[in-house]
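Overview (structure and organization)
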Amino acid sequence: MLGESRGGRIVVVGASLAGLRAAETLRAEGFAGSLTLIGDEEHPPYDRPPLSKQVLLGKVPADRTGLPQRRRLDAHWKLGVRAAGLDPVGKRVLLADGADVPFDRLLIATGTRARPWPNLDEAAMDGVFTLRTREDAVGLAKCLDARPRRVLVVGAGFTGSEIASACRERGLDVTVAERGPAPLVGALGGTLGELAAKLQRAHGVDLRCGVTVTALEGDDRLTGAQFSDGTRIDADIAVIALGAVRNTEWLAESGLAAGPRGVTCDAGCRAFDMYGIVTDDIFAAGDVARFPHPLFEYQLLSLEHWGNAVAQAEVAAHNMVNPGPRRRPHLTVPAFWSSQFGLNIKSVGVPTFSDQVVIAQGSLKDARLVAVYGYRGRVTAAVSVNQARSLEYYERLIETAAPFPPPPGAADQRESPVPMPSDVPDPKVLSHGPTVALTGHLPDRRLTVLRPAR
Amino acid sequence: MAADTLFQRITDYTHRADPYPLYAELRENGVARQDDGSYLVGTYHEIAALLHDPRISSDRRHRTAPDETAGAAEALPPSFIGLDDPEHHRLRGLAMRSFGPPHTPDRIDGMHEEITRIVRDLIAGFQGRERIDVVDDFAYPLPVTVICRLLGVPTEDEPRFRLWSDAIVAGFDPTPGEDPVERQRAGTEARKAMGLYLGELAERRRGHPSDDMLSAFVNDAGPGGQLTPLETMTTAVLLLIAGHETTVNLITNGMLTLLRHPEALERLRGEPALMPRAVEELLRFEPPVHMLPQRTPLADVEVAGITVPRGSPLILMLASGNRDPRRFSDPDRFDPAREDNQHLGFGSGVHSCFGAPLARLETQIALHELLQHLDTPRLVEDPPEYRRSPVLRGPRHLFIERGGV
């Protein structure tokens, strides 16, 4: 049994962070069989977080964010070719170029792509960008070098806010349009959303909340945009930051529980089929995976977090080469970070899984604080602003379902320890998808009713 | 609850060469109140949790029974190592401006060549001598020279501040059972004298900037403002002492450990790329700082089932946590290639070691060069004679015979 799981053919679809880390772990755990990585981009795996930060600032060229490969993989790389389908009975991945790749075990790590601007003609104009890939970043950075008169950022989630921050740091005029009441509100709730709004404005952003962009203007080139409140602006560049779309279309006929919310898998990263039966040879990890988490009532979580991609890929890889009793669950507490407008924001837990929030350390006034989130009297998340070193303490409170609010006595507790409503909006009122989403309990995609966002 | 005397035994000089069996006893017994009223914590996960717990103060003035000398009118106020946020954060940030990222990202990396040169000069001084004291001939002068260059302190003044430094270190030695008042008074005096000395050096640079940290303290103002003259004194004293008294132990403990593990020594000679990991393992296996003696809970805090009352002295035994079998597999084995080695050698949390990047670089270069230049080094006595302090633990001398050449 042991020998069998260390041999055979493993195919990893998706050659970004999760795919690479899984491949490394497979080899580190003694997998000696044939290993194939399939990726639709031309490049070997590269890091995406810098694309909206250092790359836009011109501090790091976009082609210098390659991920380090920490060991010899001895793998077949099929780069620049998209997976187009999966035959789970014949155990083959079908490629867009007509070839197919047989496997004994498969890891799905196809991640997400940027949600495009819905009007295709407008999206095709010069000056209209999304930001997800290296090419996106090269193109956008080049346009920013040409000093556009104004940049419009559509959507004030993390990516949109980071882009706006980079533009301001380069001295460019920026308008940010957000359908919700404040930037970051979909991930962090009202209190920190308000702080983010204040900071954006203090940094000179023309921030417009509660509005949508009704039209991008121009012929071949973008010249401006119209808003739902009847106003308009001139702009040379528009960056569409409306969140991400999960790359699951290629699995539509596979019979797996795969859909717009991701590929549903169990705590051991094994994919479910559409009837809720767990497979034993198909695994999922990273942004594309949707998995149950005991800290959040076993609801299925979809995360777009760097750290989750790494941790989940390692668990998936371990479980691909270890028999049942040796398998491990993926239980890490979700965590992510962002840097924008001089702030270092870090989060542990799921802030949107909350009804109350309290500023446990520091103060909003100084923009240095820890906000702790609670749900029905237990701690479920904490977000630090310029104070990341305290987060481990709160992570432990989350893991142990400690009572909310957390005990008083922090040396730098400044504000009233009285909890406030966490004021987490319904994702439907946001213009961008949340980077953390609880997506209910059911693995069966047929039972998921989806309404397109209006 | 019966009071324990374990802390007395740990600090007793007779156990300095090998405190590890006592640490094992501490982990076994769990958190216990000592007969001097303090609480010792020796298990990794509990220490790590307390290092991140915002209710644990580093400011001794929060103790229910304050020490007599620290609050004396003529004493310098605490430096940032003895303060809590937000004050700690402000002062540490101002000091970091001229030491590391984001404002001065290249300072330490830029010292690589200079440190290598200092190391090679010291090794050249071994010429013609069969017996070397690794401490006095190498591991002490190296970090002193480096911290002096970095701060902008004349190396010739070393004999003066060595005396002050000795008195300051003795002043915070928490060894119970001896009358500490005289030691603490002497420590307070020495700290003040060193502060005045460094403050004067800094003031002379005001308006005459040079490329060192004292100059930056008085000449560079950032968005967070600038250190006051008094804060310049307390910060400079802290950095000089820390740069002076800790890395010496790391290098010496490192050489001692390698000489006790010849197979590791040989491996590192042939595989220099392994040195950064070996230094991390040294920080776990024989850390230069064995305990953090000055923490105090601001509320009653439960640690491993024991309530530590607000205001009690709380002592975190980092070196014991580093040997906790619940965190590290085979913890008493020195493994220069150890993986998953998140040791407590530099502490953790908001007070995590300010100078860690410098200490790492100095030790990596120092040990590498020693291994390349000593043919068949041999320990003259094992265990060597140790320094008195149970906090900053390391040999007072480490005599080796060079062999070969």
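These numbers were taken from a predicted model, which means no experiment stands behind them. (Residues numbered from 1 in each chain as written. Chains lettered and ligands numbered in written order. Predicted model: local features only at pLDDT ≥ 70, side-chain atom pairs only at ≥ 80, totals over all residues. Heavy atoms only, no water.)

Another point: the interface of chain A and chain B. Taken together, the contacts link 17 residues of chain A with 17 residues of chain B. Across the chain A/chain B interface, buried area totals approximately 1,400 Å², and carbon plus sulfur atoms make up 55% of it. Area buried by chain A at its contact with chain B is led by Arg 368, Arg 389 and Tyr 393 of chain A, which between them contribute 41% of it. Run the count over chain A and chain B and you get one salt bridge. A salt bridge links Asp 85 of chain B to Arg 368 of chain A, with the nearest nitrogen and oxygen atoms 3.2 Å apart. At the junction of chain A with chain B, the criterion picks out seven residue pairs in polar contact (both at pLDDT 80 or more). (Contact = heavy atoms within 4.5 Å. Buried area = accessible area lost by both parts, 1.4 Å probe. Salt bridge = Lys/Arg side-chain N within 4 Å of Asp/Glu carboxyl O. Polar contact = N/O pair within 3.5 Å; in protein donor to acceptor, adjacent residues only side chain to side chain.)

Time to look at the UniProt feature "domain: FAD/NAD(P)-binding" (unreviewed entry) in chain A. When the UniProt feature table is mapped to this numbering, "domain: FAD/NAD(P)-binding" (unreviewed entry) covers residues 9-313 of chain A. Split by type, residues 9-313 of chain A is 21% helix and 31% strand. Its first and last C-alpha atoms lie 17 Å apart. (UniProt positions renumbered as here; feature names shortened; annotations may be inferred. Helix = DSSP H or I, 4+ residues; strand = E, 2+ residues; numbered from the N terminus.)

Let us look at the sheet that holds strand E28 (residues 378-385) of chain A. Residue and element names in this part refer to chain A. Strand order across the open sheet formed by six strands is E24-E25-E28-E27-E26-E29, with antiparallel pairing between neighbours. The open sheet terminates on both sides in strands that have one partner only, identified here as strand E24 (335-340) and strand E29 (420-421). Sheet topology note: the strand E27 (residues 368-375)/E28 ladder contains seven bridges and is antiparallel. By the bridge assignment for E28, Ala 371 is matched with Val 383. Those strands touched by helix H9 (residues 391-399) are strand E25 (343-349), strand E26 (356-363), E27 and E28, and its axis lies near 165 degrees from that of E28. (Pairing = 2+ DSSP bridges. Axes fitted to C-alpha atoms, helices over the stretch in contact; angles between N-to-C directions.)

All names here are of chain B. In the contact formed by helix H8 (residues 158-171) and helix H9 (residues 181-205), the axes pass within 7 Å of each other and the chain directions differ by 140 degrees. Considering the angle they form, H8 stands oblique to H9. For H8 against H9, the interelement crossing comes out left-handed. On H9, the residues touching Arg 160, Phe 161, Trp 164, Ser 165, Ala 167, Ile 168, Ala 170 and Gly 171 of H8 are Arg 183, Gln 184, Ala 186, Gly 187, Ala 190, Arg 191, Ala 193, Met 194 and Tyr 197. (Parallel < 35°, antiparallel > 145°, perpendicular 65-115°, else oblique. Left-handed = near helix turned anticlockwise from the far one by under 90°.)

Right, let's get into the UniProt feature "domain: Reductase C-terminal" (unreviewed entry) in chain A. As recorded in UniProt, the sites labelled "domain: Reductase C-terminal" (unreviewed entry) are residues 336-406 of chain A. Span residues 336-406 of chain A is 13% helix and 51% strand, its end C-alpha atoms 21 Å apart.

Below, the discussion takes up the domain arrangement of chain A. One frequent convention defines the size of an interface as the accessible area lost when the parts assemble. All names here are of chain A. Taken as a whole, chain A is organised into domain 1 (2-47 + 66-113 + 245-326), domain 2 (115-243) and domain 3 (335-425). Computed over C-alpha atoms, the centres of domain 2 and domain 3 are 28 Å apart. Facing the 20 residues of domain 2 at the interface are 23 residues of domain 3. Among the residues of domain 2 in contact with domain 3, Leu 188, Thr 191 and Leu 192 are the three that bury the most area, contributing 29% of the side total. Counting the contacts that link domain 2 with domain 3 gives zero salt bridges. Put simply, domain 2 and domain 3 have five residue pairs in polar contact (both at pLDDT 80 or more) between them. Going through the elements one at a time, helix H5 (158-169), helix H6 (185-188) and helix H7 (190-202) are the ones with two or more residues in the side of domain 2 that touches domain 3. Among the residues making up the side of domain 2 that touches domain 3, the classes are represented as 10 nonpolar, eight polar and two charged. (Domains from an automatic or database assignment. Nonpolar A, V, L, I, M, F, W, Y, C, P; charged D, E, K, R; others polar.)

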